[in-house]
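Structural characterization, general
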Amino acid sequence: MKTLELERKAINLKDFKHRPALESDFDTLIRESCVVTEKGRIRIVYLDLDWDTRDLVAALGRIKYATGKRMHGIVSTSRIFGYKPRLEIRQDYCNSASMNREHPRETELVLEYGRRVAQEYRAALPELYAAHESAV
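So, here is what we can say about the structure in this document. Note that the structure is a prediction, hence the values are computed from the model and not measured. (Residues numbered from 1 in each chain as written. Predicted model: local features only at pLDDT ≥ 70, side-chain atom pairs only at ≥ 80, totals over all residues. Heavy atoms only, no water.)

**What to know about the overall build of the protein**
Regarding its fold elements, the protein presents four helices and seven strands. N-terminal to C-terminal, the α/β element order of the protein is β-β-β-α-β-β-β-β-α-α-α. For a compact globule of 136 residues, the expected C-alpha radius of gyration is about 14 Å, and the protein comes in at 19 Å, more than 25% above that figure. Dimensions of the protein along its principal axes, counting C-alpha atoms only, are 45 × 40 × 30 Å. (Helix = DSSP H or I, 4+ residues; strand = E, 2+ residues; numbered from the N terminus. Rg over C-alpha atoms; globule rule 2.2 N^0.38 Å.)

**Topic: unusual backbone geometry**
The backbone phi angle of H18 is positive, close to 65°, even though this residue is not glycine. Non-glycine residue K39 carries a positive phi angle of around 55°. In this fold, K39 is placed in the loop between strand 2 (34-38) and strand 3 (41-46). Judged by relative accessible area, K39 falls into the exposed class, the value being 79%. (Buried < 20%, exposed > 50% of the residue type's maximum accessible area, 1.4 Å probe, protein only.)

**Focus: the packing of aromatic side chains**
For the structure shown, the criterion picks out two aromatic pairs. Considering the side-chain rings of W51 and Y113, the 5.9 Å spacing of their centres and the 55° angle between planes classify their relative orientation as tilted. With W51 in the loop between strand 3 and helix 1 (54-62) and Y113 in helix 3 (residues 104-124), the pair connects residues that are 62 residues apart, well separated along the chain. The exposure class of W51 is partly exposed, given its relative accessible area of 21%. On the numbers, 5.3 Å between centres and 80° between planes, the contact of Y121 with Y129 is edge-to-face. The exposure classification of Y121 matches that of Y129, with both residues buried. Over the ring of W51 we find R116, and its NZ or CZ is 4.0 Å from the ring centre. (Phe/Tyr/Trp six-rings, centres within 6.5 Å; stacked < 30°, edge-to-face > 60°. Lys NZ or Arg CZ within 6 Å of the ring centre and 35° of its normal.)

Right, here's the structure in full:
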């Protein structure tokens, strides 16, 4: 697998606030499986998986998403699946996300693809996977 060495650039973080990412923000667009390192340490693993994901795409299309404006007007469309964290003031405990009840088949399919991605990650970088699994 190809390895790309990351070269940090001096940036002004204020230049990136309150706006979405732009094509001018990067020099290299990754189009194939590779490992991205910084000073020899793995930072990113990009796996181009040759899977038929039509069932996943169709399932994601059936889910109802919430759209709202984040701070400073950036529009965000999202949905929580799995479990949501506690909210200290209103709900001081973790809870199953509403998507689990409203879209159980779609939730299971998303989780199944997550398990498949984990298997690919383990096969590509077993030592790093083991370290992350141990940390979890």
